[in-house]
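# Overview (structure and organization)
Below are the chains, spelled out letter by letter.
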Amino acid sequence: MKSNDTPSPPHPTRILVVDIDTETQEAIARPLQQRGHQVELSEDFGAIAQCGRRGFDLLVVAPQTRRRRGPDPWVQLRQLRDSGASPPVLVLLTASHAADRAVALELGADAVLDKPFHPGELRARVHALLRRARPGAVSSASAVRFGDWALEPDSRTLVAPTGLQVPLSEAECALLQAFLEHPRSTLNRQQLLDMARGQGVQQLDRSIDLLVSRLRHKLDDDPRAPRLIHTVRGIGYLFHALADPSTAGGGLASEDSLATPRPTT
């Protein structure tokens, strides 16, 4: 009897699996290939940063943090994210702790799965990530608009003024939602962490500054001349755009609001 835990993809998707353990590679590839995905296996962590350029739809990677030779998988993952458009990333960790999962999210993982894993759970995670990244997945009815941008919380997708869809990690989406709920309010780092966790993120990035940097990059917001996320020296950050679903392009606050930022307690 055929399992119906996840549907087969309408078109074959290309998935890159990077793991130095060949047995784990096969354990990952087998259930995905059974659902019609095209899976390429690699033991070279150097392939991570090139994943987007090579046209893969998803990256599954099991970083080995104690390796002394070869490319650092975490550095490669950060380079992949810094390159701009990149596929969703599923990181596999062995008996991970909260700190390990936080590091994975901090460096750009969209989801984390512990090893050993059940094949059905692997397929479900992969299916969810591919669904969020699928073109046209953003629904304008549920999108939250701010300025010329829009956020689709359910699919964790940004829609740029040009129409380009930019996937967000769980932590990035939670941070942006926290900003949208408190526009033109100066928030310190601990407040941002607490608010983002309230969006459903259990283990958020240890460094809020790195998370802000990643979000700025995806919003094309130059930190030297920011339009949206402003640094309030010695305190934290101020989000300069108002969420206004009813006014297309009209949600930006005035420049005067920056002169006297309103703190939140």
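Structure's up top.
Attention here is on the structure that accompanies the text.

Conventions we followed
Residues numbered from 1 in each chain as written. Predicted model: local features only at pLDDT ≥ 70, side-chain atom pairs only at ≥ 80, totals over all residues. Heavy atoms only, no water. Helix = DSSP H or I, 4+ residues; strand = E, 2+ residues; numbered from the N terminus. Buried < 20%, exposed > 50% of the residue type's maximum accessible area, 1.4 Å probe, protein only. Pairing = 2+ DSSP bridges. Axes fitted to C-alpha atoms, helices over the stretch in contact; angles between N-to-C directions. Phe/Tyr/Trp six-rings, centres within 6.5 Å; stacked < 30°, edge-to-face > 60°. Lys NZ or Arg CZ within 6 Å of the ring centre and 35° of its normal. Core = buried A, V, L, I, M, F, W, Y, C linked by side-chain atoms within 4.5 Å. Contact = heavy atoms within 4.5 Å. Expected span 1.5 Å × (residues − 1).

This next bit is on unusual backbone geometry. Between K115 and the following residue, P116, the backbone shows a cis peptide bond with an omega angle of -5°. Among the structural elements, P116 can be located in the loop between β5 (111-115) and α4 (119-133). The backbone of D220 sits at a positive phi, close to 55°, despite the residue not being glycine. Considering the arrangement of structural elements, one finds D220 in the loop between α7 (208-218) and β11 (229-232). Owing to a relative accessible area of 57%, D220 belongs among the exposed residues under this scheme.

A few words now on the sheet that holds strand β6 (residues 144-146). Each strand in a sheet pairs with another by means of backbone hydrogen bonds, the pair being arranged parallel or else antiparallel. Spatial strand order, β6-β7-β8-β9: four strands in an open sheet with antiparallel pairing. Sheet topology places β6 and β9 (165-167) at the edges, where each strand pairs with a single neighbour. Across the sheet, the axes of successive neighbouring strands diverge by a mean angle of 25°, strand direction being ignored. For β6 and strand β7 (residues 149-152), the ladder comprises three bridges, and the chain directions are antiparallel. Each bridged residue has a counterpart across the sheet, and for R145 the counterpart in β7 is A150.

Now for the pairing of strand β4 (residues 89-94). A regular strand places its side chains so that they alternate between the two faces of the sheet. Most of β4 sits inside the fold, with five of its six residues counted as buried. Across three bridges, the pairing between strand β3 (residues 58-61) and β4 is parallel. Along β4, the bridge assignment pairs L59 with V89.

This part is about the packing of aromatic side chains. Throughout the structure, instances matching the rule amount to two aromatic pairs. Ring geometry for F179 and F239: centres 5.3 Å apart, planes at 15°, overall stacked. Of this pair, F179 sits in helix α5 (residues 170-181) while F239 sits in strand β12 (residues 236-239), placing them 60 residues apart in sequence. Since its relative accessible area comes to 0%, F239 is described here as buried. Within the aromatic cluster, the residues linked to one another by ring pairs are F146, F179 and F239. The cationic tip of R14 hangs over the ring face of F56; the distance from NZ or CZ to the ring centre is 4.1 Å.

This next bit is on the nonpolar core. One finds F146, L158, L176, F179, I229 and F239 to be the most contacted residues of the largest nonpolar core, which totals 26 residues. Breaking this core down by element, the ones donating at least two residues are β7, α5, α6 (189-197), α7 and β12. Tallying contributions element by element places α5 first for this core, with six residues. Leaving out residues up to four positions away in the same chain, I229 has contacts with F179, V212, L215, R216, L219, D221, Y237, L238 and F239. Among the nonpolar cores identified, the runner-up in size contains 20 residues, and F45, V61, A104 and L107 belong to it.

Okay, α5 next. Between its terminal C-alpha atoms α5 stretches 17 Å, which fits the 16 Å expected from twelve residues at 1.5 Å a residue. The buried fraction of α5 amounts to ten of the twelve residues, a majority that puts the element mostly inside the structure. Here α5 has its buried residues at A171, E172, C173, A174, L175, L176, Q177, A178, F179 and L180.

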